[in-house]
Amino acid sequence: MWDDAFPSFLIGLREGLEAGLIVSVLVATLVRADARSRLPQVWTGVLAAVALSMSFGAVLTFTAASLSTAAQEAFGGALSIMAVAFVTAMVFWMRRSARSLAGEIKEKVTGALTMGAGVLVLTSFLAVGREGLETALFLWTTARAAHESAGPLTGAGIGLVLAAVLCWGLYRRVLSINLTRFFTATGAVLIVIAAGVLGYGLRDLQEGGVLPGGTAYAVDLSGSVDAGSWYSTLLQGVLNLTPTMTWLQVAGCVGYLGVVMTLFVRGVRGGAPSPSPSPSPTPTREPARHSPAWLIPVAVVALPVVLAGLVVALARPKPAGGETVAVSAKDCGQGFTAPEPGRQTFQMRNTGDQTSEVYLIDPATNAVYGEIEGLAPGTTRDLVATVAGGTYAWRCVPTDGKAVTSKPVRVGGAAGAGAVVPVSARDLAGPLRAYEAYVNRGLVTLVTETRKLGDDIRAGHLGAARADWLTAHRTYASLGAAYGTFEDFDQKINGRPDGLPGGVHDKDFTGFHRIEYGLWHGQSAGELEGPARQLAADSAGLRKAFPHQDFDASDLPLRAHEILENTLQFELTGDTDQGSGTGLATADANLSGTRELLTVLRPLLITRAPHLLPTVDADIARLRTLLDAQHRDGRWTPVDRLGRTAKDRIDGAMGQLLEDLSPVPDLLEIRKSA
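Residues numbered from 1 in each chain as written. Predicted model: local features only at pLDDT ≥ 70, side-chain atom pairs only at ≥ 80, totals over all residues. Heavy atoms only, no water.

### A short note on the overall build of the protein
Consideration 1: Assigned secondary structure in the protein consists of 20 helices and 12 strands.
Consideration 2: In the protein, buried positions account for 48% of the 674 residues.
Consideration 3: In the structure as shown, the protein presents an accessible area of about 31200 Å², 59% of it carried by carbon and sulfur atoms. (Helix = DSSP H or I, 4+ residues; strand = E, 2+ residues; numbered from the N terminus. Buried < 20%, exposed > 50% of the residue type's maximum accessible area, 1.4 Å probe, protein only. Areas by Shrake-Rupley, 256 points an atom, 1.4 Å probe, with all protein chains shown as cover.)

Below, the structure written as C-alpha cells:
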C-alpha cells in the first residue's frame with residue numbers, strides 16, 4: 001500500500017540521490033581526467049557498499065527472528081531510535097554539504113588518482129556505504145512498523161530507481177536541480193516522519209518491558225476514530241500516528257519535532273544556497289598495476305557477505321565441547337561428559353541399527369530436558385537444551401527394544417528450571433474422558449440447532465435462519481479439539497469450497513459454509529432447503545458415530561495450540577468467510593473451545609508449569625475483551641472492516657496467546673521414557 005511505501009520511497013529517493021550524486025561526481029572526475037580505466041574501481045566500491053547494506057539487513061532480520069517476542073519488541077524499538085538518530089544526522093549533514101559536495105568529492109578523487117587502486121575503491125565504498133547502511137536500517141524499521149515488507153520494499157525500490165534516473169540526467173546535464181532546496185524540502189518531511197518512527201520505537205520499548213508507562217495512554221481515540229478510513233490509514237502508514245498513544249510516545253514525538261524542526265529551520269534561514277562548483281581536474285597519469293585485475297573487486301564485494309555469514313553462524317548455539325554423543329540399543333550416551341552450564345547443543349549420532357528416541361533426562365525423576373524423535377541409524381542431529389546445576393543422563397529408546405540409560409553426570413551450579421515430568425497415556429485418560437463428555441453434550445446441542453435452522457429455511461424465515469446459522473456454527477466451532485476424530489464428517493459439516501472444481505457452486509460443497517453462502521448471497525429458501533436438510537442429517541450422523549470413534553489422548557495437548565493457530569490463519573484473515581462477516585464470532589467460539597480444553601488439562605499443567613496457566617488465563621481474557629468490543633447490537637464487525645489498530649491488537653493478542661500456549665504440547669507429550 002502507498003501509505004506504507006511512501007516513507008521508504010522518500011528515504012530511497014533521498015539516500016539514492018545522495019549516493020548517486022557522489023558516484024556521478026566520481027565518474028565525471030575520472031572521465032574528465034582521462035582515467036576511464038579506473039572506473040571499475042569505483043563500481044567495485046559501489047558493489048561492496050551494496051553488499052554490505054544487504055548483509056546488514058540480513059543480519060538484522062536473522063537477529064530479530066531468533067529472539068523472543070518481548071526481546072523482538074525491545075530490539076526493534078532500539079533500532080527504531082537508532083534509525084531516527086541516523087536520519088536526523090543525515091538531514092542536517094546534507095543540508096549543510098549540498099552546496100559544496102561536488103568540490104569535496106573532486107578533491108578526494110584527485111588525491112586518490114595519485115595513489116593505488118585500493119584508495120579509489122575505498123573512497124567510493126565509504127561514500128556510498130554510509131547511505132546504504134542508513135537505508136537498510138530505516139527500511140528494516142519501516143517494514144517492521146508496517147507489519148509487512150512488500151509496501152516498504154516497493155517504495156524504496158521506486159525511490160532508488162527514480163534517484164538513479166535523476167543522477168543520470170544530472171551527469172548528462174539534461175536536468176537542472178537546485179540540490180539545496182531539494183534536500184531542505186525532503187529534510188523537513190523526513191523530520192516529521194522520523195518523529196513518528198521515534199514514537200513507534202518508544203512503544204516497542206514499552207511493550208518489550210524496557211521502558212515504563214505501557215498502559216498510561218495520553219490519547220485513546222480507538223472508539224471514535226475509524227482506523228480503517230483512508231485518512232487514518234494514511235496517518236498510520238506515513239507518520240506512524242495511531243488512535244492510541246501513550247504519554248511517553250506523545251512526549252517523545254512532540255519533543256523531537258519541536259527541537260529538531262526548530263534547529264533545522266534556523267539552519268535553513270542562516271545559510272544562503274550557492275551553485276555547486278563544476279569539477280575540472282587536471283589529467284593525472286595512472287599508476288601501473290601490480291596485482292591481478294580481479295583480486296580487489298572479488299575481495300571487497302565478498303568481504304561483507306562473508307562477515308554477515310559469520311555473524312549468523314556464530315549466533316547459533318555451540319555444540320557442547322564439540323563432542324558427539326553416541327546412541328545405540330546397547331550403549332546410550334557414549335562420549336557424554338559433564339557440559340558447561342548454559343544453552344548447549346549436543347550432537348547425537350545413532351551408531352546402532354535401529355531408529356531410536358533420545359531423551360536428556362534427570363535420572364532421579366525421569367524429567368526430560370530435551371529430546372529427539374526418530375533418530376535413524378547412521379544419522380546425526382542436534383539436540384538443544386539449557387543446562388543448569390543438577391544430574392543429567394541420556395535415555396535411548398529403540399523402536400524394537402528396551403530403554404537404555406547412560407551413566408549420570410553431575411553439573412555444578414544453581415539448579416535451573418525447564419525439565420518436563422513425563423506424561424503417560426494413563427495420566428491423560430481422565431482429561432480425555434472429561435473432554436469426550438463435553439463434546440457429546442455439544443453434539444446433542446448441535447443436532448437441535450441444525451434442525452431448527454432447517455425448519456426456518458423450509459418456512460422461508462431467512463432472517464431467523466441467519467441467526468440460527470451463527471448459533472449452530474459457533475457450537476460446532478467450540479468443539480475444535482475433537483475435529484481429528486470426526487473423520488469425513490468434518491468436511492461434510494464445515495468444508496470450504498477451496499479446491500472444488502465448481503467452487504461455491506460445486507455439488508460437493510456442503511455444510512455450514514454452503515448455507516452461509518446462500519443466506520448472504522440472496523439464494524431462495526427452496527435453493528437452501530436441500531443443503532440445510534443434509535447438514536442436519538450429517539450432524540445427527542456425527543452425534544451417533546462419535547462415541548465409537550478413536551480419540552487419541554495425545555491429540556488433546558496438540559489441540560491446545562492448534563485450534564487458535566488455525567483461527568489466526570483462517571478466521572482472522574477472513575479466508576473462511578462466505579458472506580456473513582462473522583469470522584470474529586467463530587474466533588470467539590474457538591477461544592471458548594480452547595478454554596474448555598485447558599480446563600480438563602489444568603491438573604496436569606499446574607504440576608508441570610505452575611506459572612503458565614495464570615499467564616494464559618490473562619491472555620484469554622485480553623483477547624476475549626478485544627473480540628467483545630467488535631460485537632455491538634448483536635452484530636459482529638467483519639474482519640475486512642476492522643480498523644488497522646483493532647486488527648493489530650487482536651492479531652497481537654492472539655499471537656501472544658499462541659506463544660504462551662506453545663509449551664503445552666511438549667509439557668504433556670506422551671513419551672516412551674515415561
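Picking up after the structure, the text goes on.
### Side note on the state of the cysteines
Consideration 1: Going through the model one piece at a time under the given rule, you end up with 1 disulfide.
Consideration 2: For Cys332, the disulfide goes to Cys396, at an S-S distance of 1.9 Å. Around the S-S axis, the bridge from Cys332 to Cys396 shows a dihedral of about 70 degrees and counts as right-handed. Of this pair, Cys332 sits in the loop between β3 (319-327) and β4 (342-350) while Cys396 sits in strand β8 (residues 390-398); the two residues are 64 residues apart in sequence, bridging distant segments of the chain. Each member of the pair Cys332 and Cys396 is classed as buried. (Disulfide = S-S within 2.5 Å.)

### Overview of the side chain of Asn350
Consideration 1: Its place among the elements puts Asn350 in strand β4.
Consideration 2: Polar contacts involving the side chain of Asn350 include one to the main-chain amide nitrogen of Gly352, which spans 2.9 Å.
Consideration 3: In contact with Asn350, other than residues within four places in its own chain, are Val327, Ser328, Thr355, Ser356, Leu375, Ala376, Pro377, Gly378 and Thr379. (Polar contact = N/O pair within 3.5 Å; in protein donor to acceptor, adjacent residues only side chain to side chain. Contact = heavy atoms within 4.5 Å.)

### Points about the confidence of the model for the protein
Consideration 1: Looking at the protein as a whole, the pLDDT averages 76, with 66% of positions reaching at least 70.
Consideration 2: Contacts from residues 272-294, a stretch scored under 50 in pLDDT, to residues over four places away or in other chains number 33 contacts.
Consideration 3: Confidence drops under pLDDT 50 across residues 315-322; counting only partners more than four residues distant or on other chains, this segment forms 13 contacts. (pLDDT = per-residue confidence, 0-100.)

### What to know about the packing of helix α16 (residues 555-569) against helix α17 (residues 583-608)
Consideration 1: At their nearest, the axes of α16 and α17 sit 10 Å apart, and the two run at 165 degrees to each other. Overall, the two elements α16 and α17 adopt an arrangement that is roughly antiparallel. Remark: the crossing between α16 and α17 carries left-handed chirality. Contacts from Leu556, Pro557, Arg559, Ala560, Ile563, Leu564 and Thr567 in α16 reach Ala587, Asn590, Leu591, Thr594, Leu597, Leu598 and Leu601 in α17.
Consideration 2: Residues belonging to the contact of α16 with α17 are distributed by class as follows: 10 nonpolar, 3 polar and 1 charged. (Axes fitted to C-alpha atoms, helices over the stretch in contact; angles between N-to-C directions. Parallel < 35°, antiparallel > 145°, perpendicular 65-115°, else oblique. Left-handed = near helix turned anticlockwise from the far one by under 90°. Nonpolar A, V, L, I, M, F, W, Y, C, P; charged D, E, K, R; others polar.)

### Digging into unusual backbone geometry
Consideration 1: Phi is positive for Asp633, which is not a glycine, with a value near 55 degrees.
Consideration 2: With respect to the element layout, Asp633 can be found in the loop between β11 (631-632) and β12 (635-636).

### Points about the packing of aromatic side chains
Consideration 1: Counted under the stated rule, the structure contains 10 aromatic pairs.
Consideration 2: Aromatic pair Phe346 and Trp394: ring centres 5.4 Å apart, planes at 80 degrees, arrangement edge-to-face. In this pair, Phe346 is assigned in strand β4 and Trp394 in strand β8, connecting sequence segments 48 residues apart. The exposure classification of Phe346 matches that of Trp394, with both residues buried. (Phe/Tyr/Trp six-rings, centres within 6.5 Å; stacked < 30°, edge-to-face > 60°.)

### Remarks on the packing of helix α11 (residues 425-458) against helix α12 (residues 462-477)
Consideration 1: Between α11 and α12, the shortest axis-to-axis distance is 9 Å and the interhelical angle comes to 165 degrees. Our classification of the angle between α11 and α12 gives roughly antiparallel. Where α11 crosses over α12, the handedness of that crossing is left-handed. When α11 is examined against α12, the residues Gly442, Thr445, Leu446, Glu449, Thr450, Lys452, Leu453, Asp456 and Ile457 are found in contact with a partner set consisting of Leu462, Ala464, Ala465, Asp468, Trp469, Thr471, Ala472, Thr475 and Tyr476.
Consideration 2: Looking at the contact of α11 with α12 residue by residue, the classes come out as 9 nonpolar, 5 polar and 4 charged.

### Topic: α16
Consideration 1: Between its terminal C-alpha atoms α16 stretches 20 Å, which fits the 21 Å expected from 15 residues at 1.5 Å a residue.
Consideration 2: Its axis deflected by about 30 degrees at His561, α16 carries its strongest bend there.
Consideration 3: Contact partners of the buried residues in α16: α11, α17, α19 (644-661) and α20 (664-667). (Expected span 1.5 Å × (residues − 1). Bend = angle between axes of the 7 residues up to and from the residue.)

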